[in-house]
Amino acid sequence: MYRTALRNVLAHKGRLLMTALAVMLGTAFVAGTLVFSDTMGQAMRNSYSSSFSDVSVLVSSHGGGDRGGPGEEPQPREKDDKSLTDATVKELAALPGTDRARGVVTGFTAVADKNGNLIGEAWSARGANFAPDASGADLRYPMAEGRGPRTAGEIALNKQAADKAGYHVGDKVRVAGNGAAEDTTLTGVFTTDDPQVSSGGTLALMDTATAQQRLLKPGRFNSVVLTAKAGTSEAQLLDQAKGKLAGADYQLQTGQQLKDEQTKMVADSIGSLKTMLLVFAGISLFVGIFIIVNTFTMLIAQRIKELALLRAVGASRGQVTRSVLVEALAIGVLASLVGLLAGIGIGAGLQSLLHAFNEGLPTGSLVIAPATVVGTLVTGVVVTVLSALLPAVRASRIPPVAAMSSGDQPTTQRGLLIRNAIGALLALPGLGLILVGANRTGGLAQLLLAVGAGLTLIGVFVLLPLLSRPVIALVGPLLAKVFGTPGKLARLNAVRNPRRTATTAAALTIGLTLVSTLTVIGNSVTSALTSMVGGTMKADYLVAMANHRELSDDLAPLIAKAAGVKASSPVDNVWWDIEGVGEGRAIEGYDAAAFDQLVNLSMKSGSTAALGQDQVLVDADFAAKHRLAVGSTLRATPPRGEAVTLTVGGVFAHTDGLSPIVASNRLIESHDAHPLVQQILVKGTAGPTAELKQSLKDATGRNPVMEVQTMKDLVNRFSRMISTALNMMYGLLGMAVVVAILGVVNTLAMSVFERKREIGMLRAIGLERRGIKRMIRLESVVISLFGAFIGVLLGCFLAWATLRVLAADLKGLTTVIPYGSVLLFLGLAALVGIVAALWPARRASRLDILSSIKTD
């Protein structure tokens, strides 16, 4: 039986090719993901490890520095700065185990190119102090050209950034922090093993006094790096430093602890990427399951007599089952081995691609871990064998008497009834859970939605044979009217075997369900954000830093004095504890005189004029929850100050564009001298003109990291972010679509083989080759459109339910279906059907009439 199984694989290798390709593509995706993530992880760990080579102990300050980076919670500015001083550095240098101690100053510093544009990305732009030793060199930053900076107005720049911008020693270079920019002289170009810099970031070095003035405070350091003497361990030096700094609020870590932290950080970031890619690889493999099931089902149907003869000569059911599984095992092993090799190539290709985009990214030799090899092979083999299990069991149930029959064994009605019952038992509860979850909020709603979506998807896949007849019947009259006999035959062929049609279409259904869900959610969120920004803000421009950091205190007056400015206001952000609310509450502050010209509020009661009387405005939801009205009072306590009584002067309709409590800049700053300011709103005398925009840029000293945007620019930025995310998802789902196309090709090709006699008879009674081709193509298009139609409907429904849950956090979020995109998806599905049918249709049209009719 095993020899028979292997001979069957060789005999039907052409028909098994698409199955092998599906498994190969899925396992290649898995292997490529594992190789790429392991290689990148190892390279990044090595890079970070080398950057701590001279660090035995790092003493860090908790206070000081700039605020408000991407993803960071706004933190109040410390009154009593705990930054390290020159005296602290000297004390640590005098420790018995210290060989060298150097103070480090670091903070955000942007560098402009010769056109005034930011070099690199804002989040990776840094400045630091140049701390030379007695020889005038700083071992951290060896100079490739020139020398290090010595006085104010001089900087040194990392080589990658200097080369990118075309700077040379002696050139004027524009640098900026969170305020106005200034021109400096480039005195040197250096190299560094800092991974953040080598991976595309910019680093501008200044003399220590200038760095302290620009990035921190005079005489202060962010951290102190201690290098241990020979014979002194990191732990011993750490104990000495702790003893010296006992009672001080500093963080002390050994070099090994820093390396361990970076290793964990790299593992977490690479792990997230790996998980995301493996999810999409899993989707491709899941789509491949339908191809495998379809292939073996059709092969068994074509070999009924052969299998029945084996039963008749004494083969047991178990032997027949095992013979089919051995075929699947052989295909799984071969396809997985090829997939592993292809995956190694994909991993190498991805690494080269990233390096081509950014030459500074850490790189290294390919890492092919044993877990990658074993995991890829096991995944491919298990998926293939399990997918073939059901067809194998069906094969074992073929009775010996079938050897005397002249046709295929038809699908029993009982089998379809059982399948439909199982599908209904899965889909109906799933739909119920989705509907219940869509009308709830919080974690429970998300759980109900996730479980319900899973059950519904599986249930719909099981019910696809039942759905195929009525859905395809809708286009039957159109096919017959437009395409004549080939169209009528195509419809009949598509519904002849509902189970086969459903399995073929399911692959496209999966892809279109995911794509439609993501597209509707993305379109709806974009629409909600557009409405929110456009409906809340009257300002012509918003001035902010590209990396969302805190703006300098002196920038708001400069903006207000710019030519063409009618009104402006910094947006203060504070987090005060509100008595009776039970938690801290974000409060926004605006200039009371300019508020009505910059912000659009729908007042339920009271007036915005209350801001000028040092009263606050609260939104209607917050007011209703805490029973507030005009004249009510709130007790609020700033982080470092005494409690203050806030009087409600107005209630406005809820909007996600504003905090629940709005106050004047004057009120906030009288109790919190240094609120976090990340935005300045501007209204122009003549509206949003190019002249006003240039005037605002000039007011910032043409700071390369400062953005001057209209409300439309903000909306477009959100739209681009969502579009980029969607395009990335579409790309990752592309593999699943390719596998789905292979499934359609496979089914049609094997169907043509099954129907050789029928096709020969059609040719014999007058249907020409063109008609045969058209029939096959239309059958493919009908099956593809059926799968796409079900996928689009299911995707829109799941998107609606998801948006209902998200609406609790984003007011005004409604379901907006992009009908143009939906029609495009259906059109692409039809194109997939046409492309998939090219080879099978050509093959069918070239069959010899007589030999086809004589087919047994």
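Residues numbered from 1 in each chain as written. Predicted model: local features only at pLDDT ≥ 70, side-chain atom pairs only at ≥ 80, totals over all residues. Heavy atoms only, no water.

Q: I'm lost on the confidence of the model for the chain in this one. Help?
A: Parts of the model with low pLDDT should not have their predicted coordinates read in detail. This prediction gives the chain a mean pLDDT of 84; 91% of its residues lie at or above 70. Here residues 63-81 scores under 50 on pLDDT; set against residues more than four positions off or in separate chains, the count is 40 contacts. (pLDDT = per-residue confidence, 0-100. Contact = heavy atoms within 4.5 Å.)

Q: Please clarify how the sheet that holds strand β14 (residues 250-254) should be interpreted in this entry.
A: Strands pair in a sheet through their backbones, by hydrogen bonds, and they do so in one of two ways: parallel or antiparallel. Pairing is antiparallel in the open sheet, where four strands are placed in the order β3-β13-β1-β14. Edge positions in the sheet fall to β3 (98-104) and β14, since each of these pairs with one other strand and no more. Averaged over all pairs of adjacent strands, the angle between strand axes in this sheet comes to 15°, irrespective of strand direction. Alignment of strand β1 (residues 57-61) against β14, held across five bridges, turns out to be antiparallel. (Pairing = 2+ DSSP bridges. Helix = DSSP H or I, 4+ residues; strand = E, 2+ residues; numbered from the N terminus. Axes fitted to C-alpha atoms, helices over the stretch in contact; angles between N-to-C directions.)

Q: Would you mind showing me how to read the side chain of Thr-184 here?
A: Mapped onto the fold, Thr-184 is located in strand β10 (residues 182-190). Relative accessible area serves as the criterion here: at 4%, Thr-184 is assigned to the buried category. Look past the residues within four positions of Thr-184 in its chain and what remains in contact with it is Gly-153, Ile-155, Asp-171, Lys-172, Val-173 and Val-175. (Buried < 20%, exposed > 50% of the residue type's maximum accessible area, 1.4 Å probe, protein only.)

Q: Honestly, unusual backbone geometry in this entry has me stumped. Any pointers?
A: A positive phi angle, close to 60°, is found at His-548, a residue other than glycine. Within the secondary structure, His-548 is located in the loop between β15 (541-545) and α17 (555-560). Look at His-548 and you get partly exposed, because its relative accessible area is 42%. One non-glycine residue, Arg-627, adopts positive backbone phi at about 55°. Looking at the element boundaries, Arg-627 is found in the loop between α19 (620-625) and β20 (633-637). Residue classification places Arg-627 among the exposed positions, given a relative accessible area of 79%.

Q: Any chance you could explain the pattern of salt bridges here in plain terms?
A: Any two side chains of opposite charge can pair, given that their charged atoms come close. In total, this model carries 13 salt bridges according to the counting rule given. Measuring nitrogen to oxygen at the nearest pair gives 2.9 Å for the salt bridge that ties Asp-163 to Lys-159. With Asp-163 and Lys-159 both in helix α4 (residues 159-165), this residue pair falls four residues apart, about one helical turn. We classify Asp-163 as partly exposed; its relative accessible area is 46%. According to the relative accessible area criterion, Lys-159 is partly exposed, its value standing at 33%. The residue Asp-540 makes a salt bridge to Lys-683 at a minimum N-O spacing of 3.6 Å. Note that Asp-540 is positioned in the loop between α16 (498-536) and β15 and Lys-683 in strand β23 (residues 676-684), a separation of 143 residues in sequence. You can call Asp-540 buried: its relative accessible area is 8%. When its relative accessible area of 22% is taken as the criterion, Lys-683 is described as partly exposed. (Salt bridge = Lys/Arg side-chain N within 4 Å of Asp/Glu carboxyl O.)

Q: Hey, could you run me through helix α11 (residues 370-396) in this one?
A: Within an α-helix, residues lying three or four positions from one another point in the same direction, as the helix has 3.6 residues per turn. With 27 residues, α11 should reach 39 Å at 1.5 Å per residue; the first-to-last C-alpha distance of 37 Å fits that figure. All of the buried residues along α11 are Thr-372, Thr-376, Gly-380, Val-381, Val-383, Thr-384, Ser-387, Ala-388, Pro-391, Ala-392, Ala-395 and Ser-396. (Expected span 1.5 Å × (residues − 1).)

Q: Even after reading the chapter, I still don't get the nonpolar core, so can you show me in this structure?
A: A general tendency of soluble globular proteins is for nonpolar side chains to be buried together. Grouped together as the largest cluster of nonpolar side chains are 123 residues, with contacts concentrated most on Tyr-590, Val-599 and Leu-681. Not counting residues within four places of it along the chain, the set of residues in contact with Leu-681 comprises Met-537, Ala-539, Tyr-541, Leu-542, Ala-567, Ser-568, Ser-569, Val-571, Tyr-590, Leu-598 and Val-599. Core analysis: the second largest hydrophobic core is formed by 34 residues, Ile-119, Leu-157, Ala-161 and Leu-245 among them. (Core = buried A, V, L, I, M, F, W, Y, C linked by side-chain atoms within 4.5 Å.)

Q: What's the story with helix α6 (residues 208-215) in this structure? I'm lost.
A: Every buried residue belonging to α6 is among Thr-210, Ala-211, Gln-212 and Leu-215, and all of these are buried. Packing partners of the buried residues in α6 comprise β4 (106-108), β6 (125-130), β11 (202-207) and β12 (220-221).

Q: Looking at this structure, how should I read the pairing of strand β21 (residues 644-652)?
A: Regular strands place side chains that alternate from one sheet face to the opposite one. Of all nine residues in β21, seven are buried; the element is thus mostly enclosed. Pairing analysis gives three bridges linking strand β18 (residues 603-606) to β21, with the strands arranged antiparallel. Across the sheet, residue Met-603 finds its bridge partner in β21, namely Phe-652. Pairing geometry for strand β19 (residues 616-619) and β21, over four bridges, is parallel. Bridge pairing in β21 links Asp-619 to Phe-652. Of the strand pairs in this sheet, β20 and β21 are connected by four bridges, and their pairing is antiparallel.

Q: How should the packing of aromatic side chains be read in this particular structure?
A: For any pair of aromatic rings, geometry is given as the distance between the ring centres together with the angle between the planes. Scanning all chains against the criterion turns up four aromatic pairs. Measuring from centroid to centroid gives 5.9 Å for Phe-797 and Trp-800, while their planes differ by 25°, and the two rings are stacked. Taken together, the residues span about one helical turn, with Phe-797 and Trp-800 both in helix α24 (residues 769-806) at a distance of three residues. Classification of Phe-797 as partly exposed rests on a relative accessible area of 23%. When its relative accessible area of 29% is taken as the criterion, Trp-800 is described as partly exposed. (Phe/Tyr/Trp six-rings, centres within 6.5 Å; stacked < 30°, edge-to-face > 60°.)

Q: Would you explain the packing of helix α13 (residues 442-473) against α24 in this entry?
A: For any two helices packed against each other, the geometry is given by the interaxial angle and the distance between the axes. Packing of α13 against α24 leaves a shortest axis separation of 10 Å and a crossing angle of 155°. Classed by the angle they form, the pair α13 and α24 counts as roughly antiparallel. Crossing handedness for the pair α13 and α24: right-handed. Every residue of α24 that contacts α13 at Ala-445, Gln-446, Leu-449, Ala-453, Thr-456, Leu-457, Val-460, Leu-464, Leu-467, Ser-468, Val-471 and Ile-472 is listed here: Val-782, Phe-786, Phe-789, Ile-790, Leu-794, Leu-798, Ala-801, Thr-802 and Val-805. Tallied by class, the residues present in the contact of α13 with α24 amount to 17 nonpolar, four polar and no charged. (Parallel < 35°, antiparallel > 145°, perpendicular 65-115°, else oblique. Left-handed = near helix turned anticlockwise from the far one by under 90°. Nonpolar A, V, L, I, M, F, W, Y, C, P; charged D, E, K, R; others polar.)

Q: Is there a simple way to think about the environment of Val-482 in this case?
A: The topology assignment puts Val-482 in helix α14 (residues 476-483). Taking the relative accessible area as the measure of exposure, Val-482 reaches 52% and is therefore exposed. For the pair Val-482 and Leu-611, spaced 129 residues apart in sequence, the C-alpha to C-alpha distance is 70 Å.

Q: I tried to follow a nonpolar patch on the surface on my own but got confused; where do I start?
A: Together, Leu-824, Leu-828, Leu-831, Ile-834, Val-835 and Leu-838 make up an exposed nonpolar region whose accessible area comes to about 520 Å². Looking at the secondary structure, you find Leu-838 in helix α26 (residues 838-845). (Patch = residues over 30% accessible without salt bridge, like charges linked within 9 Å, V, L, I, M, F, W, Y side chains within 5 Å. Areas by Shrake-Rupley, 256 points an atom, 1.4 Å probe, with all protein chains shown as cover.)

Q: How do you make sense of the side chain of Ser-552 when you look at a structure like this?
A: As for its position among the elements, Ser-552 is in the loop between β15 and α17. Within the structure, the side chain of Ser-552 is placed 2.5 Å from the side chain of Asp-554, a separation counted as a polar contact. Ignoring sequence-local partners within four residues, the contact set of Ser-552 consists of Asn-178 and Gly-179. (Polar contact = N/O pair within 3.5 Å; in protein donor to acceptor, adjacent residues only side chain to side chain.)

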